[in-house]
Every structure is written in structure tokens, then in C-alpha cells.
Amino acid sequence: MDLIVQDSDDYLAADEVIDSGHPEVRALVSELRAAHRGDVDYARAAFEWVRVNVSHSFDVQDPRVTLTASEAL
């Protein structure tokens, strides 16, 4: 399957759920980017950070359901 993207910004823009401008999210982004200059290393570090630090509500039997990145943090 080929995916054709007219404007990649459509997939990278912030909105009410993707709150990438939130101060806590920005701080984590800065921390990870400073430690991982290459894009692949940075993407891997971000993925691994989420995998280790963000639990799925159901898996840990937490009644809270988070929606945004800042809520998950």
C-alpha cells in the first residue's frame, strides 16, 4: 500500500488531543531531543520512554482514562 501525503503538516499538527505545546510535553521533548540528536535515535527514545513510563489504564486497572499527552504525563 502506498500512502501519498499532500502535506505532512496535516499529520503533525497540534489540536485539542495532540497537545504538543503543553509545557510538560515540551519539557520532555527538549530533554529527549538534547540526549538524542539523530531523528531515528530520537524517535526510538520517545517510543521507549512512552513504553516504559505510560501504563495502559486497563493493564494497571486504573479507572482514569487519559486522552491527551499532557494527561498521560
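All residue numbers refer to positions counted from 1 along the written sequence of the respective chain. This being a predicted model, a pLDDT of at least 70 is required before a residue's local features are given, and a value of 80 or more before pairs of side-chain atoms are given or counted; all residues contribute to the totals for chains, interfaces and linings. To get the side-chain values, take all heavy atoms of the structure and skip hydrogens and water.

Brief notes about the confidence of the model for the protein
- Model confidence for the protein is summarised by a mean pLDDT of 87, while 96% of its residues fall at 70 or above.
- On a scale of 0 to 100, pLDDT captures the predictor's confidence in every residue. Numbering of helices and strands runs from the N terminus, with a helix taken as a DSSP run of H or I at least four residues long and a strand as a DSSP run of E at least two residues long. At the low end of the mean pLDDT range in the protein sits helix α1 (residues 9–12), at 76; at the high end sits helix α2 (residues 23–35), at 95.

Examining the packing of α2 against helix α3 (residues 39–53)
- The angle between two axes is taken between their N-to-C directions and runs from 0 to 180 degrees, where each axis is a line fitted to C-alpha atoms and a helix contributes only its stretch in contact. Put simply, α2 and α3 touch, their axes get as near as 9 Å, and they point 130° apart. Considered as vectors, α2 and α3 are oriented oblique to each other. At the point where α2 passes α3, the crossing takes the right-handed sense. Residues Leu28, Val29, Leu32 and Arg33 of α2 pack against Asp39, Tyr42, Ala45, Ala46 and Trp49 of α3.
- For this classification, the nonpolar set comprises Ala, Val, Leu, Ile, Met, Phe, Trp, Tyr, Cys and Pro, the charged set comprises Asp, Glu, Lys and Arg, and every other residue, Gly included, is treated as polar. Each residue belonging to the contact of α2 with α3 can be placed in one class, and the counts come to seven nonpolar, no polar and two charged. Here roughly perpendicular refers to angles of 65 to 115 degrees, roughly parallel to angles under 35, roughly antiparallel to angles over 145, and oblique to all remaining angles. By definition, any crossing whose near helix is turned counterclockwise from its far helix by less than a right angle is left-handed, and any crossing with a clockwise turn is right-handed. By the convention used here, residues are in contact when the closest approach between their heavy atoms is within 4.5 Å.

Side note on the layout of surface pockets
- Definitions used throughout: a 1 Å grid over protein atoms alone; a cavity as a set of points that fits a 1.4 Å probe which cannot get out; a pocket as an open set with protein on both sides within 12 Å along at least five of seven lines; a lining residue as one with an atom within 4 Å of a point. Grid points are joined across faces, edges and corners, and a volume is the space filled by probe spheres set on the points. The computed volume of the largest pocket comes to approximately 550 Å³.
- Counting only elements with at least two residues in the lining of the largest pocket, the list comes to α2, α3 and α4 (69–72).
- Its residues assigned to classes, the lining of the largest pocket comprises 16 nonpolar, three polar and two charged.
- By volume, the second largest pocket amounts to about 160 Å³.
- Forming the boundary of the second largest pocket are Val54, Ser55, Ser57, Val60, Asp62, Arg64, Thr66, Glu71 and Ala72.
- Here the residues of the lining of the second largest pocket sort into three nonpolar, three polar and three charged.

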